[in-house]
Protein chains: 2
Amino acid sequence: MPKRLLLNVFEMNCVGHITHGLWRIPGNNRHRYNDIRYWTELARTAEAGQFDAIFIADVLGAYDVYGGSAAPALREGLQIPNNDPMLVVPAMAAVTDHIGFGITFSTSYEPPFAFARRMSTLDHLTNGRVGWNVVTSYLPNAARNFGLATEIPHDTRYEIADEYLEVLYQLWEGSWEDGAVVRDAANGVYTDPDKVHPIDHVGEHFSVAGPHLSEPSLQRTPTLFLATGSPAGIARAGKHAEVVFTGGHGVQRTADAVRDAAQGAGRDRGDVKFVTQAAVITAPTQREVEDKVAQYKDFASEEGPLIHGSVPFDALSHPRNRTVRDALEAEGVDGGERLVGRVALDATVGELIDRVNEAWNGAFWAAGVPEAVTEQIEGWLDDDGIDGINLRQYHSFDTVRDFGTYVTPLLRERGRLPERYADGETLRERVTGGPARLPASHPAATYRHTSVPA
Amino acid sequence: MPKRLLLNVFEMNCVGHITHGLWRIPGNNRHRYNDIRYWTELARTAEAGQFDAIFIADVLGAYDVYGGSAAPALREGLQIPNNDPMLVVPAMAAVTDHIGFGITFSTSYEPPFAFARRMSTLDHLTNGRVGWNVVTSYLPNAARNFGLATEIPHDTRYEIADEYLEVLYQLWEGSWEDGAVVRDAANGVYTDPDKVHPIDHVGEHFSVAGPHLSEPSLQRTPTLFLATGSPAGIARAGKHAEVVFTGGHGVQRTADAVRDAAQGAGRDRGDVKFVTQAAVITAPTQREVEDKVAQYKDFASEEGPLIHGSVPFDALSHPRNRTVRDALEAEGVDGGERLVGRVALDATVGELIDRVNEAWNGAFWAAGVPEAVTEQIEGWLDDDGIDGINLRQYHSFDTVRDFGTYVTPLLRERGRLPERYADGETLRERVTGGPARLPASHPAATYRHTSVPA
């Protein structure tokens, strides 16, 4: 049986997410992100195209390394202004029946008890269509927005994240037993109190009494997404993730490493799916495709990837043939380590700019007529070891509409997408092919309450 | 001109909010609070009845004083299980055009930066239809859910609340100047960075750098509701509140005190409106009204108000003619101070139970044919000094539908409600009759950025 594609829209509650400068294309709706109808139209369009989920990124501060302030990001509309990612989900859920929602939320700054209730609420409101993209925060400005002088050190962030998950698993899986809610009107019993438990968690970073305030939702723990790259990230992803969001070349190596880690943690290698960011630009004719690509290139901002990539000096103000080392020295900036792995310090500024812009477009890029891009996508699944894509939007809503109109039918024909959505399916069932609840091999399952017989 | 009624639905994201036991009435929809269609139907019904807003209460823990544990509250479904109040708003906003939303959120436990963005997001998504009911948390269990051994002392809670508001005002009013967002596609400028400012707040309880992440919404600061009773609360309400939610008898005294405080803080006496919880039970005939009242009394839980009121001993297990003092002593409970102002310690247990149940029904209670309840409401406005009501729901959605069907048209006729909603009106415009933004006399206005001319 051909491998099924996990198909997500990649979104963020802002003007400029990753295709910098393209909000300026006439007819692009990105500047309407404040408008609830932007979100309901996006959700309907994506559901018409049989997307599995809308995956919503987030940041909690401004990019302020490039140019030494947030001014370049503000000018570009690059992830600032931005709005909360959770709050658009109920609006989209109200006008759809099937599509899922992946919400980015950081374990670094907000108390787990309130977050646990928010996700349970969303899982109830969406009938189990919600996923959580677990991230730790990395922007220095974000740390300063939450009372910290500087970003939390990498290892501490991960330690906090681990305890955060532990608290959430206890609230979601352990606090309310199955069957706790009886809704027995005749006897006046809504909940059987014997089946609801405090968690009394006392840890290094959190103390949480419980019980969880929400009754169990269809998935209890939302479908768990993790983005990863680093070795510590791979161990965590192997332990916790159901879907890993990973990028660039070398996906297969990351996937192997995460699967090894999953196996080491007592899970099945197949318990983790891999999704990558991808570009798919299509139209009925090659000519139209070329016009689109040309337009996107025309409107693309060269500065955007430099801001987003936190390049530590104002690269565009230097002659392209100057070396990066000389440019850094001229600006008196000690930021060479931020460039490691991109270019050597004796590369030219022009090479750096090109490299950053090119990296931004990513390894998974398809532009062509529907048959051609469909074949490319099949290659990604069969040869590159991925299970799905987060579709980068160049134009909202053309990118999603084009995919749904031209590519989805071909993917269905080739057995890469099901014939239709399954009614009442939770996001976990759709993504994993298993039941609505986490399997017993997942660490969250250890917190499930087992009544001790008398 | 007759005084206009502010008309809100009183809600909470749970089964049992304040009319305890009534979820058991056949046909009541309260057990559907997990279902998004509960909320969209409620919002449509309320908008059809020209309600001004849906006011959503919240708690962050379980009531666990009565009976010494959360078991009685769980059994009753009394405010537990409960879900997040904010997340139902976008679903309701997606299917309505006019009705506002008042959201209860506590300043005690969550970081202001994230909350500021959430409220701005909601103000954008609702086109300025959102209000914030500012509360400090009082449940001991809530404190333990957020890492604290016990509830924060009253005065400290208020100190934190004051600084919380200060941070929010800076983010909402001061961080982005009017005109900062230019959306100039031709020149590639989304935001003019010179008009966006960090707040660099460093205080006793919070350090927040900024800038605010969201661009300015229609209201910027959401319409501000405060519930009050205590002297410290009156001073705060006088300073900050646009609408005070107050209860019971003596509303006029509270209103006078708050208006004095407002005047002392440099605001107009009329800048604060007063809203009280009220019951309005109506039907076309007196006989139907009586049937309804009888049914509500039949299903009412006698225990509910005791749990909700944190009565410190299991009153229903004692003979009604035992004195409260003896009952407390028999249970070895030192909780007399929690009963102060309700009954004397030498009153009987029966008197305590009756008093608590009676207090629960409140001072503003109208049951009768439409003309009769309309006259009562007019009396509340003209003689009791209130400006509006939060309508207590006995039956969802009958209570709201009955009011909209039978009472709203009469209130319109008598000039107590406008003929129709004004198009595009924000909640602040509707509630205050003024502009969408806070007036210059409000303390939030002091944080507005004034560019210093060179």
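Residues numbered from 1 in each chain as written. Chains lettered and ligands numbered in written order. Predicted model: local features only at pLDDT ≥ 70, side-chain atom pairs only at ≥ 80, totals over all residues. Heavy atoms only, no water.

(A) Inspection of the packing of aromatic side chains at higher detail. All names here are of chain A. In total, this model carries 38 aromatic pairs over all chains according to the counting rule given. Taken together, a centroid distance of 5.5 Å and an interplanar angle of 55° make the contact between F51 and F403 tilted. You can see F51 sitting in the loop between α1 (36-48) and β2 (53-57) and its partner F403 sitting in helix α14 (residues 398-413), a full 352 residues away along the chain. Taking relative accessible area as the criterion, F51 reaches 0% and is therefore assigned buried. Ring centres of Y296 and Y394 lie 5.1 Å apart, and the angle between their planes is 5°; on these two criteria the pair is classed as stacked. Here Y394 lies in the loop between β13 (388-391) and α14 and Y296 lies in helix α9 (residues 286-299), a separation of 98 residues in the sequence. On the accessibility criterion, Y296 (7% relative accessible area) is buried. In this structure an aromatic cluster arises from ring pairing among F105, F115, W132, Y164, W172 and F206. For R236, the ring lying beneath its charged end belongs to Y158, and the centroid distance is 4.7 Å. (Phe/Tyr/Trp six-rings, centres within 6.5 Å; stacked < 30°, edge-to-face > 60°. Helix = DSSP H or I, 4+ residues; strand = E, 2+ residues; numbered from the N terminus. Buried < 20%, exposed > 50% of the residue type's maximum accessible area, 1.4 Å probe, protein only. Lys NZ or Arg CZ within 6 Å of the ring centre and 35° of its normal.)

(B) Seen up close, the pairing of strand β1 (residues 6-12) of chain B. All names here are of chain B. Most of β1 is tucked away: seven of the seven residues are buried. Bridge count between β1 and strand β13 (residues 388-391): four bridges; the pairing is parallel. Bridged to V9 within β13 is L391. You can see the chain leave β1, run along helix α1 (residues 36-48) and come back into strand β2 (residues 53-57), and the turn it takes is right-handed. (Pairing = 2+ DSSP bridges. Right-handed = clockwise from strand over helix to strand, strands pointing away.)

(C) Inspection of unusual backbone geometry at higher detail. All names here are of chain B. For the bond from I80 to P81, the omega torsion is 0°, close enough to zero to count as cis. Within the element layout of this structure, P81 appears in the loop between α2 (71-76) and α3 (89-94). Following S396, the chain continues to F397 via a peptide bond in cis, the omega torsion being 15°. In the Ramachandran plot, Q50 falls in the positive-phi region, its phi being about 60° despite a non-glycine side chain. Its place among the elements puts Q50 in the loop between α1 and β2. For R183, which is not glycine, the phi dihedral falls at a positive 45°. Following the sequence through the fold, R183 ends up in strand β5 (residues 181-184).

(D) Structural context of the pairing of β2 of chain B. All names here are of chain B. The element β2 is largely enclosed, with a buried count of five among its five residues. Residues A53, F55 and A57 of β2 are buried on one face, and the alternating residues I54 and I56, pointing to the opposite face, are buried as well. As paired elements, β1 and β2 share five bridges and run parallel to each other. If you follow N8 over to β2, its bridge partner there is A53. Of the pairings in the sheet, the one linking β2 to strand β3 (residues 100-106) comprises four bridges and is parallel in character. Paired with I54 across the strands is F101, a residue of β3.

(E) Inspection of the environment of L42 of chain A at higher detail. Residue and element names in this part refer to chain A. Of note, L42 is situated in helix α1. For the pair L42 and R220, spaced 178 residues apart in sequence, the C-alpha separation works out to 27 Å. Setting aside anything within four residues of it in sequence, one finds L42 in contact with V9, E11, I54, Q393, F397 and V400. (Contact = heavy atoms within 4.5 Å.)

(F) The arrangement of the environment of E163 of chain A in detail. All names here are of chain A. Relative to the helices and strands, E163 is located in helix α6 (residues 154-174). Residue class for E163 comes out buried when judged on its relative accessible area of 7%. Taking the C-alpha atoms as reference points, E163 and T191, separated by 28 residues in sequence, lie 29 Å from one another. E163 has contacts with H201, G203, E204, H205 and F206, leaving out every residue within four places of it along the chain. Within polar-contact distance, the side chain of E163 engages the backbone nitrogen of E204 at 3.2 Å. (Polar contact = N/O pair within 3.5 Å; in protein donor to acceptor, adjacent residues only side chain to side chain.)

(G) How the structure looks around the relation of the copies chain A and chain B. The transform that puts chain A on chain B rotates by 180° and translates by 0.0 Å along the axis, for an RMSD of 0.0 Å. Taken together, the rotation and translation describe the operation of a two-fold axis. Across chain A, the smallest distance between a C-alpha and the rotation axis is recorded for A91 of chain A, namely 2.2 Å. Interface overlap between copies: 100% of the residues of chain A at the interface are likewise at the interface in chain B, consistent with a symmetric, same-surface contact. (Least-squares fit on C-alpha atoms with pLDDT ≥ 70 in both.)

(H) Molecular detail of the pattern of salt bridges. All names here are of chain A. Applying the stated criterion to the full structure yields 58 salt bridges over all chains. The shortest N-O distance in the salt bridge between D354 and R320 comes to 2.8 Å. Of this pair, D354 sits in helix α12 (residues 349-361) while R320 is found in the loop between α10 (303-308) and α11 (324-331), placing the two residues 34 residues apart along the sequence. The class for D354 is partly exposed, based on a relative accessible area of 38%. It is possible to trace a salt-bridge network through shared partners that takes in R32, D35, R37, E41, D398 and R401. (Salt bridge = Lys/Arg side-chain N within 4 Å of Asp/Glu carboxyl O.)

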